[in-house]
Amino acid sequence: MLSPTPTILELPARPASPGFEDAAAQCMAHWKLLGLTRRPRVHWFPRPIVPYSSLLGSIFELTDDSDIDAVLFAEERRHSPLHNLREVIGAFQAPIIDLNGRAGEFADVHFDLMNRQTWDQTAKRILEFSGRRAKLDLALRATAEPDMQLLAHAFVSGRKIAATRYPLASEAVCYPGYWTAARTIPAAEKLVRRGLLAKSFFDRIHECRQCASRRLTVREECPKCRSADLADIDLIHHYHCASLLPEEKFRQGRALVCPKCQQHLRNYGKDYDKPGRAQFCRHCEETTSEPAVGFVCLDCDASTDGEAIKRIDLYSYALTPQAEALLTQPQKPPLVPGLPVSLMEELQRLGQHQDKGMMIAELKYAARDTIIGAKGEAMFDRLRRLFLENMANYLAEAASLHPGDIADYVLLASTDDKLAAELSTLIARSEAALSERLEPQLRLAVKSAQASR
Amino acid sequence: MNDIELGFAFLAAMSADSLIAIFWYTLLFEVPRYILPFVVTGLTLRSREKDWLPQQQDPADTAPSVSVILVGHNEEDALEACVRSLKEQSFANFEIVVVSDGSTDRMSTVARSLVQRGLADRVLSTDLRGGKSSGINLAWRMAAGDIIINVDCDCSFDRFAIEHLVRALDDPRVGCVCGDVAPRNAGASVIAQFQEIEYLQSISVGKRMSNAIDQVVCASGAFSAFRRTALDDVGGFDVGGGEDLDITLRMRKNGWSIAYAPEAVCYTDVPTTTFQYIRQRLRWERDAIWIRYRKHARWLNPLNSSFQPWEAFHQWDFLLFNVVAAFAFPAYLIWLALQYGSFTPAILISMQIGLLVLDVLVLAVGAWTTGRKVFWRNLLYLPGYSIFMTYVMRPVRLLAYVDEWVFSGSHRDNYTPIKVRLERPW
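Residues numbered from 1 in each chain as written. Chains lettered and ligands numbered in written order. Predicted model: local features only at pLDDT ≥ 70, side-chain atom pairs only at ≥ 80, totals over all residues. Heavy atoms only, no water.

A.B. asks: Quick question: what am I supposed to make of the pattern of salt bridges here?
C.D. replies: Two side chains bearing opposite charge may form a pair once their charged atoms approach each other closely. All names here are of chain A. Counting across every chain of the model gives 54 salt bridges over all chains. A salt bridge links Asp65 to Arg41, with the shortest nitrogen-to-oxygen separation between them at 2.6 Å. With a gap of 24 residues between them, Asp65 in the loop between strand S2 (61-62) and strand S3 (70-73) and Arg41 in strand S1 (residues 41-45) connect regions that are remote in the sequence. Judged by relative accessible area, which is 19%, Arg41 ranks as buried. Across the salt bridge formed by Asp305 and Arg226, the nearest N and O atoms sit 3.8 Å from each other. Here Asp305 is found in strand S17 (residues 303-305), whereas its partner Arg226 is found in the loop between strand S9 (216-221) and strand S10 (230-238), with 79 residues between them in sequence. (Salt bridge = Lys/Arg side-chain N within 4 Å of Asp/Glu carboxyl O. Helix = DSSP H or I, 4+ residues; strand = E, 2+ residues; numbered from the N terminus. Buried < 20%, exposed > 50% of the residue type's maximum accessible area, 1.4 Å probe, protein only.)

A.B. asks: Could you clarify how one ought to interpret the sheet that holds strand S16 (residues 292-297) of chain A in this entry?
C.D. replies: Adjacent strands of a sheet pair through backbone hydrogen bonds, lying either parallel or antiparallel. Residue and element names in this part refer to chain A. Read across the open sheet, the 3 strands follow the order S9-S16-S17; overall the sheet is antiparallel. Bordering the open sheet on either side are S9 and S17, each of which pairs with just one other strand. Pairwise comparison of adjacent strand axes, ignoring direction, gives a mean angle of 30° for this sheet. Here 3 bridges tie S16 to S17, and the two strands are oriented antiparallel to one another. Of the residues in S17, the one forming a bridge with Gly294 is Asp305. (Pairing = 2+ DSSP bridges. Axes fitted to C-alpha atoms, helices over the stretch in contact; angles between N-to-C directions.)

A.B. asks: Would you mind showing me how to read empty space enclosed by the protein here?
C.D. replies: A water-sized probe, rolled over the atoms, reveals where empty space remains. For the structure shown, the criterion picks out 3 cavities of 30 Å³ or more. Here the largest cavity is characterised by a volume of approximately 40 Å³. Lining the largest cavity are Ser243, Leu244, Leu245 and Lys260 of chain A together with Asn137, Arg141 and Gly235 of chain B. If one sorts the elements of the lining of the largest cavity by residue count, strand S11 (residues 243-246) of chain A sits on top with 3 residues. Of the residues assigned to the lining of the largest cavity, the class counts are 2 nonpolar, 3 polar and 2 charged. (1 Å grid on protein atoms, 1.4 Å probe; cavity = no way out; pocket = protein on both sides within 12 Å on 5 of 7 lines; lining within 4 Å. Points joined across faces, edges and corners; volume = space filled by probe spheres on them. Nonpolar A, V, L, I, M, F, W, Y, C, P; charged D, E, K, R; others polar.)

By themselves, these are just geometric observations and shouldn't be taken as functional.
In structure tokens:
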């Protein structure tokens, strides 16, 4: 793990060479032309490193403020994992500038004073970040809600939340430029349910049921003892006496002699053939043609049957137009944690154009944990989606549906008691078509034209 | 009066000695070999109610290790039903080994899926078909059990079938035990219904009789159990077809006793068309000839060192009551025509009526002996069965014997792959 330390390494500073000073001056002049009129305010991570700090001091302004333009990354430990870089740095909405050039896509841009091309790229990234940051609502810039932090960063960085295989972490996947997968995925999934992120399939991987690591080795195993010590053997069929046995049973030095009738096998295709192969387990001495598939966890050494292994679907995420609008519209509906944005927008719209009352039905699923535990989250999501589709079909124009994170919401632009009474029946009907019972729990909030209760 | 009426009048006027002279064929080849022994056996060896129930003791506590082997070629449709039937057995302490013998359908995939679901224990599959014998040899060598039960993939089983089969091997002299086989699809066609009558007579009752006098000579390939040491003793199965008859004969020759367990009932699908049925019987009869009188012909010779009277007995029995009887029947018809001219149809009708009466008696005894409700549902089919067996199957047998003796017809049979057939000795 990387850990930020605010101290400067106490190494004797060497005077910058004249070549560097010239390059720094030229870089500043070039940046000015690109619109970067002042020295970018930066933090160092993990700490200012000599000679970089003295060399770059004329280009970047080291500050203790939280309002920064970038983070300078100069990792001296060259082999530490980087998938958690953004999580450790913590400075969202500012680009990470890689000074060593080894952070690759985990940083937002690479800067090398002696490489003019990187000057352009660095300035561009700093300006892009600051430009987009300026569009963000102040509340969103400073939000403490992890989901919204992720959303805001996705907007400011302009980067897709793209999954990448990463064997150095036990999750075996990471999202460069973002937090670790363990933190990014739950937040992103919440945002997907709120309609703010769209997900696209990346890969299906397997997970150890014991330690949740995805660093597994897959191999062919003996179905009886689960040993991988299998040897391929040829089977020999002796036509004359119908012997069908592994080749080693026939082998006598360089000759093949049938163990049953003692005849020499001389002519392949006439005396005998090799109709197939089998796997011989050197551990338990079983022979099979159909070895089992098994997984061994590289982290905890647990063995799992190929059939019992847990399968995980991984996704990449991208901002939806709804999210873009939410993050950039000056007239945004108030954000209430947990409530879907579409619901807030709809409430705002109805509030402006309708004097009549309205009803909001909240649907929470009592069987959620049971279904997820038994059949996985993907199954629960499918059932929930199907249930909402059924509800939408029944309600038609009478109401709008707003999928949320923990609960879903039905907004009825009416306070008709009859409709409210029918809602329970519709819920039961929508659930009846499902293979599993979701057990939706209904809670109603009614806002009358004059008053709300 | 027409010729038939005159013929009946003629027969009615005959003395007993004259009737014996006319009906010599039936009295020589039918009554002593089949009718009388069947009736005696049926009346004396009836299954009692308690025989159908297993012992109170849990068989898993005492039973030796058992492997059930299923060898098949392109049996993807039948395999799972067969395995599920095995899993329903009262005795569950056995492994199931499936061999896919060069299947080109999804049999290997189905078998693998059965292993994955815990319904079977092991799959062995070959890319090239080698025939049933080699498949069985591979299976029993790789299986772990001391007792190897060979079953056909298109079979299903009575709940206590395997338990009864295994119990019969308690006697250490028994090297092999075969179960009863009954058609599962008897109602599918008239031919299938005929086979229910035939299986009842030849296996359900016939093998009781053979068992009583230690003359079980064919442990059916559909459902039999073998002691591993007995298989080792004879080197396993030899090249087929007729491999079930062959291994039974070789075990007997090596001194093993062959038992029949009438309560171990296996159900199988029998041919449903006349063509399929005749084709199957042509194959069986040809195989019987080449195994008995080519491969093991020396057993008939009293001067040969391998001669054993009890083995020669069943060889002569088959020769006389199957082979000679088949050849004698057309001779008998010709003799009748020459001797009795226009009275021949009346004589044959009388013979058929007599056989029908005897068949009714045998069916009734078979139903009573086995305790199965087969009498009434087969009664209406008996006249057809009787005529079919006399005038269709006797010539079919004759054809098979001639084909095998003269042309070695079994070498043309695609039951075994050509590469094996061409290299087959004998």
